[in-house]
Structure formats: C-alpha cells, structure tokens
There are 2 protein chains.
Amino acid sequence: MPKQVDHRERRETIARALWRVVEQRGIAHASVREVAQEAGISHGAVQHYFATREELLVFAMDFASEQTSLRVADGVRELGSPPHPRDMLRAMLTEMLPLRPDARATSRMSAAYVLEALHNANIHARARDGLTHGRDLIEQIVRQAITDGHISPDRDPATETNLLLALTGLTPLIELSVIEPQEALTAVDQHLNRLFTNKT
Amino acid sequence: MPKQVDHRERRETIARALWRVVEQRGIAHASVREVAQEAGISHGAVQHYFATREELLVFAMDFASEQTSLRVADGVRELGSPPHPRDMLRAMLTEMLPLRPDARATSRMSAAYVLEALHNANIHARARDGLTHGRDLIEQIVRQAITDGHISPDRDPATETNLLLALTGLTPLIELSVIEPQEALTAVDQHLNRLFTNKT
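Please read these numbers as outputs of a predicted model, since none were measured by experiment.

## Topic: the UniProt feature "domain: HTH tetR-type" (unreviewed entry) in chain A
- According to UniProt, the "domain: HTH tetR-type" (unreviewed entry) feature falls on residues 8–68 of chain A.
- End C-alpha atoms of residues 8–68 of chain A are separated by 18 Å, and the span's content is 80% helix alongside 0% strand.

Right under this line is the structure:
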C-alpha cells in the first residue's frame, strides 16, 4: 500500500475517533489526549499527524463534510437518471439531519464546530467557506429547477435556498426527542412539496 | 430590599456572567471559577448560590428563556391589540435568532445547552421540557389562527409548527456571516407570508 494512502487512512481513523468523542461526550472532551485514547493509538502518534487540536478539528470537520457528500451521492444514485431536483434536495437535507447513526455523528460534529467557530477566527473562516460552498450547491439546484420549470419563476432562489438550509433547524427538536424522526421528514416533505408545486 | 429579591438578583448577575462566558469564550469555559471571575465575585459566593456547574447552567438557561419571553412580550405589546398571529410569530422567531446583542447571547446559550443536553440526562430532560413548552405555545397560535381563518384549514398545525421552529436553522448562516441579518428576516417573512395566505 503506498505510504500516502496509509497516512490518509490513519488520519481518517483519528478523525472518526474525534467524531465519537464529540458525539458521545461533547467537544469539550475533544483533546488530542482523549482522541488518541479513543482511537487506541498513542498521544505521540496523533501528534505526528496533527500538530494541534485545531488542525485535528479542522480535518475531522472537512472529513465529516466529505462523508456527508458521499452519503448524499449514494442516495442520489438510487434516484434514477436524471434525478428530480426535489429528490436531490431531499437527499441532501435528510443527510444533514441526525436521523441515522452516521448522519447523527456528522451533525453533532457540525453543530459543535459552529460553536467552536465563534471563538476561533481560523475555524470561523473555514466553517464559513464550507457552509457557503454547501449553500451555493443548493442555490444552483434551485436556480436550475426554476429554469427547468420545476419551481415557479416567482420564487426568489436566494431566499428559497436559505429556507431549505433552515430546515436543519429541526435538529434540536429531533435530538431532544421533542418530535419523532418521521415528523421531521414530514415537515421536510411538506416544505419541498410546496416549493415544487410551481404555483405562487 | 427583601432578602429574597437580593438573592434572585445575585443569581441573575451570575447567570448573565455565564452567558457572557458562553458567548465570548464558549461553554467549555463555563466553569464555576471562570464565571465567578467574570461576575467579579468570589468562587465561594457563586458556590453559595449554585452548588454545582450543572445547577448554574440550568438556572442560566431558564433565565435565558425567561428573558427571551420578556423580549417577545415587549415586541408583541407594540403590535396593537389584538395582535395579528402572523406578527406574534414573527416577534417570537426574530427573538430566537441571533440578530441583536441580547438575542445573540441567549441564542448561543441555547445552542450550547442543546449540545450539553446530549451528554447529561438531567439537562436533556429539562431542555426537552423547555423546547416542548415553547413548541406548544407556537402550535396554540397556529391552531387559533386556523380557527380564526388566518391560516388555511388545509394546513396541518403540527407540521406547520415544526416548520416555524425550523426557521431557527438560519442561526448558523447568520453566525458564520454566510447571509446578512436582513436576508434571514426576508426568509422568515417569506415563510410567514405563505403560511398566512390562506390558500393551499
């Protein structure tokens, strides 16, 4: 196995250990020491890959975003070709909600990262870029759906994109068991159905 | 001043100090020691009012919810009598978003509390009760608005309530400066306008 691949694998193993620490104990416990212990490798070995806790957090978040994108891509592949934009948006939104174990891990990582960003300029800049990129992808889908006649041209693509992303606000309701996962999906579907009715 | 009031004031001063610590440094710094320092009182004095960090967190969150309710009540009083349900919901939602300094402090306290709840059964139960209570209030307004003909009877009140609460999902977009506060308000207004069009 080329050394490059091995390095990447080791970093991903450490990142997944950080996710587990964040998911099960909270980001306050996400020190290099506790993550090393969770990963079952030495403190020094983690430091070999990540010089600081911040480097580790940034990599773990980038990796969480990548994994979320891969889960979305898997979901979209099952939709037939070409996928309907409504179903693509549904696949994206449901993977951003803590509805399944893997999505819950990345959702909690993401929520903790946003709070961390409020007190760290470098993480703020990176989190902003990441969210802006994700937002741009959704806005492209919305604009194309308007062009293709799936969404009414009366709709403002920027505002609709913000309202789609706002659906991640169902997260605390799910995490605190105030609503059932099925109720969250019903809300997402209701919102998407109205967006795609092509009526004002 | 009666002693009871003095006690309450002291507890609120400590709670506000905790909000500042959470807002400016993050909940990882919200130890009894750092909060005492921020409040400018002795560690022992804080312990006199709050035996544990958890007691302090719970009180600070309850106080944040109360203060948010008071800000909403202030906003609703300005709406004329009787206030239109659309405007009442707008007042509630805008006070839950980090659009002004006081709302930002309580919003960050609330976000940190939800993450804390994931690893603490007592805080989970309290956070769940608090969010359920807030959700019930919104559902009552939605149901009454349907009864009064402001919202179409075709709308499902539970789903509409979940979609209204989901608008707090604009928070990361605002906090990471991905969108401007005005864009968040436009999204909230767009959502409310459609809910209150009384058309399916």
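## Examining the packing of aromatic side chains
Residues and elements named next belong to chain B.
- Tallying each qualifying case throughout the model produces six aromatic pairs over all chains.
- Considering the side-chain rings of Phe50 and Phe59, the 5.4 Å spacing of their centres and the 45° angle between planes classify their relative orientation as tilted. The exposure classification of Phe50 matches that of Phe59, with both residues buried.
- Measuring from centroid to centroid gives 6.2 Å for Phe59 and Phe63, while their planes differ by 10°, and the two rings are stacked. One end of the pair, Phe59, and the other, Phe63, are both in helix α4 (residues 53–77), four residues apart, so they sit about a helical turn from each other.

## Some thoughts on the environment of Arg10 of chain A
All names here are of chain A.
- Turning to its location among the elements, Arg10 is positioned in helix α1 (residues 3–25).
- Of the residues examined, Arg10 reaches a relative accessible area of 33% and is grouped as partly exposed.
- Separated by 35 residues in the primary sequence, Arg10 and Ala45 place their C-alpha atoms 9.6 Å from one another.
- Those residues within four positions of Arg10 in sequence are excluded, and the remaining contacts are Ile41 and Tyr49.

## Some thoughts on the relation of the copies chain B and chain A
- Mapping chain B onto chain A calls for a screw motion: a turn of 180° about the axis and a shift of 0.0 Å along it, with 0.0 Å RMSD after fitting. Seen this way, the second copy is the image of the first under a two-fold rotation axis. Residue Gly169 of chain B of chain B places its C-alpha closer to the rotation axis than any other residue of that unit, at 1.7 Å.
- Interface overlap between copies is the fraction of interface residues in one copy that are interface residues in the other; for chain B against chain A it reaches 100%, indicating a shared surface.

## Quick word on the interface of chain B and chain A
- Of the residues lining the interface, 44 residues belong to chain B; the matching set on chain A comes to 44 residues.
- In total, chain B and chain A occlude about 3,500 Å² of area from one another, counting both sides; carbon and sulfur atoms represent 70% of this.
- Along the contact surface separating chain B from chain A lie two salt bridges.
- A salt bridge links Arg194 of chain A to Glu160 of chain B, with the nearest nitrogen and oxygen atoms 2.3 Å apart.
- On inspection of chain B and its partner chain A, the count reaches 14 residue pairs in polar contact (both at pLDDT 80 or more).
- Listing elements by their share of the side of chain B that touches chain A, those giving two or more residues are α1 (3–24), α6 (101–117), α7 (121–147), α8 (157–166), α9 (171–175) and α10 (181–195) of chain B.
- Broken down by class, the residue content of the side of chain B that touches chain A amounts to 21 nonpolar, 13 polar and 10 charged.

## Some thoughts on helix α8 (residues 157–166) of chain A
- In terms of burial, α8 of chain A is largely enclosed, as nine of its 10 residues are buried.
- Every buried residue of α8 of chain A is accounted for by Pro157, Thr159, Glu160, Thr161, Asn162, Leu163, Leu164, Leu165 and Ala166 of chain A.
- Buried positions along α8 of chain A lie against α5 (85–96), α7 (121–147) and α10 (181–195) of chain A together with α8, α9 and α10 of chain B.

## Topic: the UniProt feature "DNA-binding region" (unreviewed entry) in chain A
- Per the UniProt annotation, the sites labelled "DNA-binding region" (unreviewed entry) are residues 31–50 of chain A.
- Along residues 31–50 of chain A one finds 75% helix and 0% strand; the C-alpha atoms at either end are 12 Å apart.

## Looking at the packing of helix α4 (residues 53–77) of chain A against α7 of chain A
Residues and elements named next belong to chain A.
- Remark: α4 packs on α7, axes separated minimally by 11 Å, with the N-to-C direction vectors making an angle of 10°. Considering their axes alone, α4 and α7 lie roughly parallel with respect to each other. In contact with Glu54, Leu57, Val58 and Asp62 of α4, α7 contributes Asn122, Ile123 and Arg126.
- Looking at the contact of α4 with α7 residue by residue, the classes come out as three nonpolar, one polar and three charged.

## Here we look at the layout of surface pockets
- As a volume, the second largest pocket reaches approximately 540 Å³.
- Considering the residues around the second largest pocket, the lining is formed by 28 residues, among which Ile27 and Ala28 of chain A together with Ile27, Ala28 and Glu116 of chain B are closest to the centre.
- At the level of elements, α1 and α6 (101–117) of chain A together with α6 of chain B are the ones that each hand at least two residues to the lining of the second largest pocket.
- For the lining of the second largest pocket, the class distribution of residues is 12 nonpolar, eight polar and eight charged.

## A word on the pattern of salt bridges
- For the structure shown, the criterion picks out 40 salt bridges over all chains.
- The partner of Asp189 of chain A in a salt bridge is Arg90 of chain A, with the nearest N and O atoms 2.7 Å apart. With Asp189 of chain A in helix α10 and Arg90 of chain A in helix α5, this pair connects stretches of sequence that are 99 residues apart.
- Accessibility expressed as a relative area gives 27% for Arg90 of chain A, which makes it partly exposed.
- The salt bridge partner of Glu38 of chain B is Arg25 of chain B, with a shortest N-O separation of 2.7 Å. In this pair, Glu38 of chain B sits in helix α2 (residues 32–39) while Arg25 of chain B sits in the loop between α1 and α2, placing the two residues 13 residues apart along the sequence.
- Judged by its relative accessible area of 32%, Arg25 of chain B is partly exposed.
- Taken together, the salt bridges that share partners define one network made up of Arg20, Arg25, Glu34 and Glu38 of chain A.

Procedures and definitions
Residues numbered from 1 in each chain as written. Chains lettered and ligands numbered in written order. Predicted model: local features only at pLDDT ≥ 70, side-chain atom pairs only at ≥ 80, totals over all residues. Heavy atoms only, no water. UniProt positions renumbered as here; feature names shortened; annotations may be inferred. Helix = DSSP H or I, 4+ residues; strand = E, 2+ residues; numbered from the N terminus. Phe/Tyr/Trp six-rings, centres within 6.5 Å; stacked < 30°, edge-to-face > 60°. Buried < 20%, exposed > 50% of the residue type's maximum accessible area, 1.4 Å probe, protein only. Contact = heavy atoms within 4.5 Å. Least-squares fit on C-alpha atoms with pLDDT ≥ 70 in both. Buried area = accessible area lost by both parts, 1.4 Å probe. Salt bridge = Lys/Arg side-chain N within 4 Å of Asp/Glu carboxyl O. Polar contact = N/O pair within 3.5 Å; in protein donor to acceptor, adjacent residues only side chain to side chain. Nonpolar A, V, L, I, M, F, W, Y, C, P; charged D, E, K, R; others polar. Axes fitted to C-alpha atoms, helices over the stretch in contact; angles between N-to-C directions. Parallel < 35°, antiparallel > 145°, perpendicular 65-115°, else oblique. 1 Å grid on protein atoms, 1.4 Å probe; cavity = no way out; pocket = protein on both sides within 12 Å on 5 of 7 lines; lining within 4 Å. Points joined across faces, edges and corners; volume = space filled by probe spheres on them.

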